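What follows is each chain in one-letter form.
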Amino acid sequence: MYHFEIPPFTDKGSAVSFGQPAGGGGGGGGGGAAKQAPNSKMLMPTGPAADFKNAQTLPDGTHIAVTTLDGKKSGFKGKVWVWAPKEYNDPKFAKSGFPVLIALPGGAGYPNNYWMGTDLGLQSSISKWYAEGKSKPFILAMPVLNPGPDDKGVYWDGSDIPGQPKMGTWLTDDVPDLMKANFRTIKSRDGWAFMGSSTGGFAGMKAVLKYPDRFKAVVASGPDIVPDSSLWKGHDKEKAENNPELLAKDLIDKKGPDVYIAFQVGDSESNKRTLPDVQKFIATYGNKGPVHTSLKVIPGGKHNAKTYVPNMGEGPIQFISKVMEGPVE
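Every value quoted in this text rests on a predicted model; they were computed, and no experiment measured them. (Residues numbered from 1 in each chain as written. Predicted model: local features only at pLDDT ≥ 70, side-chain atom pairs only at ≥ 80, totals over all residues. Heavy atoms only, no water.)

Draft legend 1. Spatial organisation of the pattern of salt bridges. The final tally for this structure, using the stated rule, is 14 salt bridges. Across the pair Lys216 and Asp190 runs a salt bridge, and its minimum N-O distance is 3.0 Å. Of this pair, Lys216 sits in the loop between α3 (199-210) and β10 (217-221) while Asp190 sits in the loop between β8 (185-186) and β9 (192-197), placing them 26 residues apart in sequence. (Salt bridge = Lys/Arg side-chain N within 4 Å of Asp/Glu carboxyl O. Helix = DSSP H or I, 4+ residues; strand = E, 2+ residues; numbered from the N terminus.)

Given below as structure tokens:
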């Protein structure tokens with residue numbers, strides 16, 4: 001019965017509240033937003049509460065849950081998976097805001113975000129790294145990356161391409177708004193970061209460089225460095241506005257704010273340009289003024305998430321966690 005996920009032998013599909021009262025806003029422990037001190041670094045859940053259903057229960061009792069988000073700013077409707085570490089429901093942290101890590105997949109990133117599965121060990125790794133003092137206890141947001149399947153190599157570069165679904169706004173506005181509505185988060189950009197593989201690494205890096213007032217750091221694994229979707233054809237101006245190289249140059253010219261990019265690349269990537277392109281980006285823009293970079297080259301590492309997750313714990317997660325905040329009151 002458990003194998004076939006038939007209730008009551010499994011809790012898959014059950015409602016998950018993450019401490020919020022059903023259908024309400026401003027819950028999550030520690031009282032409503034009105035009781036929050038004005039100088040608090042923490043943001044109480046703003047509501048309304050999303051309809052989260054359990055997708056998987058981890059051995060430590062935490063839940064990966066899923067909801068369908070109707071993006072108010074992008075106009076795009078899609079699935080978002082979320083997970084909070086066990087510390088989130090620890091009475092010790094009942095009045096604390098937690099940092100959020102928006103985890104983006106490579107490949108199609110539709111209809112699922114592969115980080116929502118436990119096979120890659122992202123959730124359990126974050127718990128382990130936190131226990132080891134390497135990582136913040138991040139809440140994970142795992143949205144779909146694209147509005148449709150990766151048909152004939154068509155993807156959306158995590159951007160608002162003219163005439164297409166606004167996937168940039170989806171990732172940088174609607175998904176953060178969902179997390180603020182349902183979790184105790186952190187008011188400042190010090191509590192907001194991305195991680196991603198391949199095209200998801202590109203999208204996360206681009207988001208941090210484009211909106212450094214909202215996001216502070218990213219772990220970019222085997223990323224593309226420049227936008228290369230075929231959908232940009234005829235939209236050179238908008239394509240340039242979503243180019244990490246040009247965004248990094250602009251940030252350096254403006255002298256900030258500081259952002260932190262932890263690259264990791266396998267030395268056996270399928271695209272032989274990936275490592276040289278990342279090295280060139282670091283040489284040109286890295287550690288010059290506000291663009292702080294690190295690079296972990298993974299010996300024998302290939303272009304896949306199974307390579308990237310274990311190696312995140314050997315430098316990249318520490319690099320971003322050192323500059324992030326949380327839990328905070």
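Draft legend 2. Structural view of helix α6 (residues 274-285). Taking 1.5 Å as the rise per residue, α6 with twelve residues should run 16 Å; its terminal C-alpha atoms sit 16 Å apart, in good agreement. For α6, the elements touching its buried residues are α3, α5 (244-254), β11 (259-266) and β12 (291-298). Trailing α6 by a residue or two, Asn287 shows a phi angle of about 55°, which is positive. (Expected span 1.5 Å × (residues − 1). Contact = heavy atoms within 4.5 Å.)

Draft legend 3. View of the packing of α3 against α5. Two numbers describe how α3 lies on α5: the axes approach to 9 Å, and their chain directions differ by 25°. Comparing their axes, α5 and α3 come out roughly parallel. In this structure, α3 crosses over α5, and the sense of that crossing is left-handed. Contact with α3, carried on its side by Phe202, Met205, Lys206, Leu209 and Lys210, involves Pro244, Leu247, Ala248 and Leu251 of α5 and no other residues of that element. Among the residues forming the contact of α3 with α5, the class breakdown is seven nonpolar, no polar and two charged. (Axes fitted to C-alpha atoms, helices over the stretch in contact; angles between N-to-C directions. Parallel < 35°, antiparallel > 145°, perpendicular 65-115°, else oblique. Left-handed = near helix turned anticlockwise from the far one by under 90°. Nonpolar A, V, L, I, M, F, W, Y, C, P; charged D, E, K, R; others polar.)

Draft legend 4. Spatial organisation of the nonpolar core. Within the largest apolar cluster, 84 residues are counted, with the highest numbers of intra-cluster contacts made by Trp115, Trp170, Phe183, Leu209, Phe263 and Ile320. What Leu209 contacts, discounting residues up to four positions off in sequence, is Pro244, Leu247, Ala248, Leu251, Val259, Ile261 and Phe281. (Core = buried A, V, L, I, M, F, W, Y, C linked by side-chain atoms within 4.5 Å. Buried < 20%, exposed > 50% of the residue type's maximum accessible area, 1.4 Å probe, protein only.)

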